[in-house]
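Results of the structural survey
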Amino acid sequence: MSVSTAFAPAPAPAATDVVPAPLPVLGRDVRVPLVTGGEVGYAALDYAASAPALQRVWDDVAAYAPYYGSVHRGAGHLSQLSTELFENARRTVAEFLHCRDDDQVVFTRSTTDSLNLLARALPAGCEVYVFETEHHAALLPWREADVTFLDAPHSPEAAVRTLERALAARDTERPALVCVTGASNVTGEVWPVRELTSAAHALGARIVLDAAQLVPHQAVSVRELDVDWIAFSGHKLYAPFGSGVLAGRADWLSAAEPYLAGGGASRTVARRPDGSVAVEWHEGAARHEAGSPNVIGAYSIASACRALTEAGPEAPAARERHLLGLLRSGLAEVPGVRVLSLFGDDAPRVGVLSFVVEGWNSSHLAAALSAEYGIGVRDGLFCAHPLVHALLGTGAAEQAGCGTGTLNAVRVSFGAGTPDEHVTRFVTALRELVTRGARWTYRTENGRCVPES
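Residues numbered from 1 in each chain as written. Predicted model: local features only at pLDDT ≥ 70, side-chain atom pairs only at ≥ 80, totals over all residues. Heavy atoms only, no water.

1. What to know about the overall build of the protein
If you tally the helices and strands in the protein, you get 14 helices and 19 strands. Expected size for 453 residues packed as a compact globule is a radius of gyration near 22 Å; at 23 Å, the protein falls within 12% of this value. Its C-alpha atoms give the protein principal-axis dimensions of roughly 75 × 55 × 45 Å. Taken over 453 residues, the protein has a buried fraction of 55%. (Helix = DSSP H or I, 4+ residues; strand = E, 2+ residues; numbered from the N terminus. Rg over C-alpha atoms; globule rule 2.2 N^0.38 Å. Buried < 20%, exposed > 50% of the residue type's maximum accessible area, 1.4 Å probe, protein only.)

Dropping the structure here:
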């Protein structure tokens, strides 16, 4: 029995939205209680943190689960089947990303894990260039390198100019790496990745793309963008089983010590006469995949990649443009709302948008949306503190209501499977809260706003 024929996905139910949701997700029928009484269908608008699992992914994993076995070196049938499935998943991801023939695909735990792995593989003396606008997963792993943090640009063209100036001033005898996001997890704005890559390569630097917020929303080609590496998380790509990917050039990864030391990364281990241990490490992806790999996680990512490929890049993109139109037109009618943006209102954007409301504490607003309307959004600084502070400006007034009293933001994010009703309900709820106030009393608990019991 081959992996390709053993586990057939279930057919997707029909959608009824004006622009149909191409990829049904789990949780469509979940109902949650309201503090005002009764219950309502949950409106999941926090995809940028973790997207719900695609129904296709869940069905594929459930079909494979009885055949689960340990991968590599196992002689049993289930081990052989699982090994085939695991390596097929690697090939599926490479095809999904349009990787080059000699690129490696390494399975990790997340985007954070992927970028920390690459940070450990930097050659000696490597300089790293990172915009302050990055998610902490891309901002913080480079602590052992010589890091230059670049100021937040206010246009795509300014981003390219800023990078060019910084790289032109560097010591060209040293290796260099640029780390850049594909789409902001705060503003949803799409960055000029191809132009930044061209600038980096022209000035002798390599580039790694944090695609955590890009690959769930649009087609991404390593070949077309010409990036050296790409990193993303399964849980953003509708595959929430604790797996991620680092894909790209093999040379730095092959020359580095293994990210983790242990079984799977080691080819041979022997005692020396002096009592020490001699180790020969594997080449290729296995070098950085020590321990028993997350087969379910890798398979779920591959399943999501297949589903997105079969849906075609335009179907999810058209869906998101429709939802963004509903959201932005609705927000424009709510008094006191300020949408956060680096590049301006006309910049291309994925299904992520953050805003503040004059006079409202973000924690209070998010708590009321959840408790009174059954709507899940995110509030705070979104693991991108320097960016949010830059967008909000210094010296901002404290917000009213419960919470920490500091000025944070509210983020709405969506994707495959989000129905129109979730967005229209959010806009209606926000308008009611801003114009009439919350119907419930809230208090501060551990720095968070929660409803009084």
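Now that the structure has been shown, we can carry on.
2. Considerations on the sheet that holds strand S8 (residues 206–210)
Strand pairing in a sheet relies on backbone hydrogen bonds. The paired strands run either parallel or antiparallel. Strand order in the open sheet formed by seven strands is S4-S10-S9-S8-S7-S5-S6, and the pairing between neighbours is mixed. Single-partner strands in this sheet number two, and they are strand S4 (104–108) and strand S6 (146–150). For this sheet the average axis-to-axis angle between neighbouring strands, irrespective of direction, equals 20°. For strand S7 (residues 176–181) and S8, the ladder comprises five bridges, and the chain directions are parallel. (Pairing = 2+ DSSP bridges. Axes fitted to C-alpha atoms, helices over the stretch in contact; angles between N-to-C directions.)

3. Considerations on the side chain of His136
Along the polypeptide, His136 turns up in helix H5 (residues 136–139). For His136, a relative accessible area of 19% puts it in the buried group. A distance of 3.1 Å separates a polar atom in the side chain of His136 from the backbone nitrogen of His385. If sequence neighbours within four positions are ignored, His136 has contacts with Pro141, Cys383, Ala384, His385 and Pro386. (Polar contact = N/O pair within 3.5 Å; in protein donor to acceptor, adjacent residues only side chain to side chain. Contact = heavy atoms within 4.5 Å.)

4. Overview of the sheet that holds strand S17 (residues 409–413)
Sheet architecture is open: four strands sit in the order S13-S14-S17-S16, paired in antiparallel fashion. Strands with a single pairing partner mark the edges of an open sheet, and in this sheet they are strand S13 (337–339) and strand S16 (378–380). Sheet twist, expressed as the mean angle between neighbouring strand axes with direction ignored, is 30°. The sheet contact formed by S16 and S17 spans three bridges and is antiparallel. Counted as the bridge partner of Gly380 is Ala409 from S17. On the sheet, helix H12 (residues 362–373) packs against strand S14 (352–357), S16 and S17 and is oriented at approximately 165° with respect to S16. Across the sheet, helix H14 (residues 420–436) lies against S13, S14 and S17, angled at about 10° from S14, the strand it touches most.

5. A look at the pairing of strand S19 (residues 448–451)
In this structure, strand S18 (residues 442–445) lies alongside S19, joined through four bridges in antiparallel fashion. Bridge pairing in S19 places Glu445 opposite Arg448. Once S18 ends, the chain turns through two residues before running back antiparallel as S19, passing Asn446 with a positive phi of about 55°.

6. What to know about helix H11 (residues 314–331)
End to end, H11 covers 25 Å across 18 residues, agreeing with the expected 26 Å (1.5 Å per residue, within 8%). Every buried residue of H11 is listed here: Pro316, Ala317, Arg319, Glu320, His322, Leu323, Leu324, Leu327, Gly330 and Leu331. For H11, the elements touching its buried residues are S13, S14, S17 and H14. (Expected span 1.5 Å × (residues − 1).)

7. Concerning the environment of Glu283
In this structure, Glu283 sits in the loop between strand S12 (277–281) and helix H10 (295–311). Looking at Glu283, the relative accessible area reads 47%, which means it is partly exposed. Each C-alpha atom of the pair Glu283 and Leu214 lies 30 Å from the other, and the pair is 69 residues apart in sequence. A polar contact of 3.5 Å, which involves the side chain of Glu283, links it to the side chain of Arg287.

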